[in-house]
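Here's the letter readout for the chains.
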Amino acid sequence: MKIYSANWVLPIVTPPIKNGSVVIDNDRIKALGPREKILKQFHGVSIADFQDGVILPGLVNAHTHLELSVMKNVIADGKDFGDWVYDAITKRFDFTPEMIQQACINAVHELENAGTVAVGDIANHSETSLAALTQSSLYAVIYNEVTGFSPSIARQRFDEFAHKIIQPSNPRIKQSLAPHAPYSVSADLFRLVGDFTKIHRLHSTVHLAESIDESEFLRYGTGKMKTMIEKIGKWDPAWPVPNASPVRYLDQLGFLNERLLAVHVVHVSDADVEILRQKNVSVCTCPRSNIKINVGGTAPIQKMINAGINVCIGTDSLASNDDLNMWNEMRSLRSIHPEIDAGTILTMATINGAHALGLNDRIGSIEIGKDNSLIAVTGSDNIESPENFLLSDYAKFKNIARLKS
């Protein structure tokens with residue numbers, strides 16, 4: 001058993017505790033409260049103090065692609081979205097498995113060093129990230145990414161990907177299936193994956209309403225997404241044009257549910273937001289990636305929050321971002337959406353992300369009985385507001401430490 005104290009304890013789901021303490025026992029949270037009260041209750045227990053520090057839940061990066069870490073700075077900024085997707089598909093074959101594995105290991109270390117404790121990882125070859133994640137301290141949901149544009153190959157592609165789902169022995173890691181996007185997965189394949197995840201009660205995720213090109217393609221069957229699909233040799237003239245927004249299309253397929261995480265969700269109408277609310281879909285926003293790959297807009301985050309949607313944060317991959325640092329992602333979000341307060345952003349990066357990944361019963365907040373997935377961030381100045389300190393200049397952080405039992 002050990003007591004950790006700091007200027008502030010930030011439970012996320014309850015108000016901040018000034019001069020607070022947390023008691024850890026057998027890697028679980030046993031108690032929390034004002035320091036003086038905790039010390040009276042637990043005599044003779046070892047104490048660690050974080051002066052000028054904040055104890056909070058570790059961060060949850062709800063969406064990334066660890067295998068694409070090898071592609072950092074490979075694709076030029078500012079390309080049209082369809083051209084960016086084409087490069088992402090084709091240039092990944094320029095790297096050896098050894099290069100991909102090492103970049104994945106490095107990315108996992110980057111996540112840990114910056115205070116991330118859980119990740120939603122999109123994988124094409126799940127054994128690559130699984131090996132790195134198993135050797136780490138991270139919780140993870142590995143989503144095996146499913147693609148297959150032609151309706152004629154839906155069953156073949158589903159069988160191929162479903163065969164990969166073998167749950168790891170490591171209790172911190174789960175595996176599931178994830179259809180890539182409405183422009184790369186047929187309706188039949190969406191239905192097969194949806195039925196599979198429903199039967200097995202698995203969480204899933206999908207890139208949704210990311211670009212204007214995607215919206216045009218699903219409405220009319222034209223534009224840059226069609227050109228991209230033709231360039232990679234996957235176009236099927238038998239594909240039926242949905243004539244719907246991306247959100248409405250997946251709703252019509254029965255794919256939207258409370259265990260789904262929709263990623264990006266930039267180009268949505270009020271009607272789309274209402275559908276997401278009704279189906280209890282979580283949404284992950286990736287603000288820096290959206291800028292870097294030119295999706296043509298900004299996600300209506302405040303509107304979704306106001307609707308009661310569970311909104312979380314992800315960095316996306318190093319192919320479309322400068323780093324996997326969630327502090328930088330939160331600060332970017334705050335600069336783009338100044339109307340969203342610091343406390344809400346930290347909630348998005350912790351308990352909301354844990355909820356989206358199905359891990360909220362174990363991590364994401366400081367509550368009695370939850371796992372010890374806590375971190376302590378120390379600074380050089382007296383901290384008056386823990387939320388504002390945590391979203392201030394990253395250079396003000398002296399250290400980020402994972403609490404040990």
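To be clear, the structure that these remarks concern was listed above.
Every value quoted in this text rests on a predicted model; they were computed, and no experiment measured them.

This next bit is on the nonpolar core. Grouped together as the largest cluster of nonpolar side chains are 109 residues, with contacts concentrated most on Leu177, Leu250, Met304, Trp327, Met330, Val377 and Leu390. For this core, the element with the most residues is helix H6 (residues 187–199), which contributes six residues. Leave out the neighbours within four places in its chain, and Met304 touches Val265, Val273, Val283, Ala299, Ile309 and Val311. In terms of nonpolar packing, the next biggest core, distinct from the first, is built from 16 residues, Ala132, Leu133, Ala140 and Leu324 among them.

Strands sit in the order S9-S10-S11-S12 across an open sheet of four strands; the sheet is parallel. Whereas interior strands pair on both sides, the edge strands pair on one side only; in this sheet they are strand S9 (204–208) and strand S12 (311–313). In this sheet, adjacent strand axes meet at a mean angle of 30 degrees when their direction is disregarded. Of the strand pairs in this sheet, S9 and strand S10 (residues 260–264) are connected by five bridges, and their pairing is parallel. Bridge assignment links Leu208 to a residue of S10, and that residue is His264.

Turning next to the packing of helix H7 (residues 212–220) against helix H8 (residues 224–231). Two numbers describe how H7 lies on H8: the axes approach to 7 Å, and their chain directions differ by 85 degrees. Between H7 and H8, the angle falls in the class roughly perpendicular. Contact with H7, carried on its side by Asp213, Glu214 and Phe217, involves Lys224, Met225, Lys226 and Ile229 of H8 and no other residues of that element. Along the lines of polarity and charge, the residues of the contact of H7 with H8 split into three nonpolar, no polar and four charged.

Two elements in contact, helix H3 (residues 97–113) and helix H4 (residues 126–134), have axes separated by 9 Å at closest approach and are oriented at 40 degrees. Judged by the angle between their axes, H3 and H4 are oblique. Handedness of the crossing formed by H3 with H4: right-handed. Counted together, Ile100, Gln101, Cys104, Ile105 and Val108 of H3 and Thr128, Ser129, Ala131, Ala132 and Leu133 of H4 form the full contact between these two elements. When the residues that make up the contact of H3 with H4 are grouped by side-chain class, the tally is seven nonpolar, three polar and no charged.

Quick notes on the rules
Residues numbered from 1 in each chain as written. Predicted model: local features only at pLDDT ≥ 70, side-chain atom pairs only at ≥ 80, totals over all residues. Heavy atoms only, no water. Core = buried A, V, L, I, M, F, W, Y, C linked by side-chain atoms within 4.5 Å. Buried < 20%, exposed > 50% of the residue type's maximum accessible area, 1.4 Å probe, protein only. Helix = DSSP H or I, 4+ residues; strand = E, 2+ residues; numbered from the N terminus. Contact = heavy atoms within 4.5 Å. Pairing = 2+ DSSP bridges. Axes fitted to C-alpha atoms, helices over the stretch in contact; angles between N-to-C directions. Parallel < 35°, antiparallel > 145°, perpendicular 65-115°, else oblique. Nonpolar A, V, L, I, M, F, W, Y, C, P; charged D, E, K, R; others polar. Left-handed = near helix turned anticlockwise from the far one by under 90°.

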